[in-house]
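Analysis of the macromolecular model
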Amino acid sequence: MILVSACLSGVECRYNGTAFPCVGLAELVSSGKAIAVCPEVLGGLEVPRLPAEIVEFRVRTSQGEDVTDAYQAGAAAALRIALENGCKSAVLKARSPSCGSGRIYDGSFSGRLIDGDGLLAGLLKQAGITVYTEEEYAVRIEKSGGEFE
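Below you will find a few notes about this structure. (Residues numbered from 1 in each chain as written. Predicted model: local features only at pLDDT ≥ 70, side-chain atom pairs only at ≥ 80, totals over all residues. Heavy atoms only, no water.)

Details of the sheet that holds strand S8 (residues 130-133)
Stated precisely, the cut-off is as follows: Here, strands pair whenever DSSP counts at least two bridges between them. Secondary structure elements follow DSSP: runs of H or I no shorter than four residues count as helices, runs of E no shorter than two count as strands, and numbering proceeds from the N terminus. Every angle, taken between N-to-C directions, lies between 0 and 180 degrees, and every axis is a line fitted to C-alpha atoms, over only the stretch in contact when it is a helix. Note on definitions: a residue-residue contact is assigned when non-hydrogen atoms from the two residues lie within 4.5 Å.
Sheet architecture is open: four strands sit in the order S2-S1-S5-S8, paired in parallel fashion. Each edge of the open sheet is held by one strand with a lone partner, namely strand S2 (34-37) and S8. Averaged over neighbouring strand pairs, the angle between their axes works out to 20° when direction is ignored. Bridging between strand S5 (residues 89-92) and S8 involves four bridges; their strand directions are parallel. Residue pairing across strands places Ser89 opposite Thr130, the latter belonging to S8. Packed onto the sheet, helix H4 (residues 119-126) meets strand S1 (2-5), S5 and S8 and runs at close to 165° relative to S5.

Things to note about unusual backbone geometry
Residues apart from glycine generally show negative phi values, whereas peptide bonds are mostly found in trans. How we decide: Here's how the labels work: a residue is buried when its accessible area is under 20% of the maximum for its type, exposed when over 50%, partly exposed in between, all with a 1.4 Å probe on protein chains only.
At the junction of Val47 and Pro48, the peptide bond is cis and its omega measures out at -5° in the coordinates. Although it is not a glycine, Glu56 adopts a positive phi angle of roughly 50°. Positive phi outside glycine occurs at Phe109, with the angle close to 60°. With respect to the element layout, Phe109 can be found in the loop between strand S6 (103-105) and strand S7 (113-115). Judged by relative accessible area, Phe109 falls into the partly exposed class, the value being 31%.

Any functional reading would require information that these geometric values do not contain.
Written out as structure tokens, the structure reads:
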């Protein structure tokens, strides 16, 4: 079983109320091979919402509001879902304060990236679940001729 950022499967749950559909992920979800989650929504945040980035170990909106508690609650809920369903891997939205893996925005809301993980990506990695961004997923699909495990 694969955990997938809901926005990548076509759910309009991103901060700006849009989806970021990624080829094949909606099909994996509809076929029961993947589970779509949005940690921000699971944490009680609305759609749309202000953009947020990690600033000095806290998640803050572009207006300075601390939304760390909601992000932590959503990440914990998504981790529980992953563990309950035996997920061994995850495909998460790159650069997000929840789902970003390896590189996230630096907290200045300028588009600058730094090394780091979003809250959910970090929890999944600690739990031994392999995390891919949608960009890494696309490369793996292309190289494998359409298969992803």
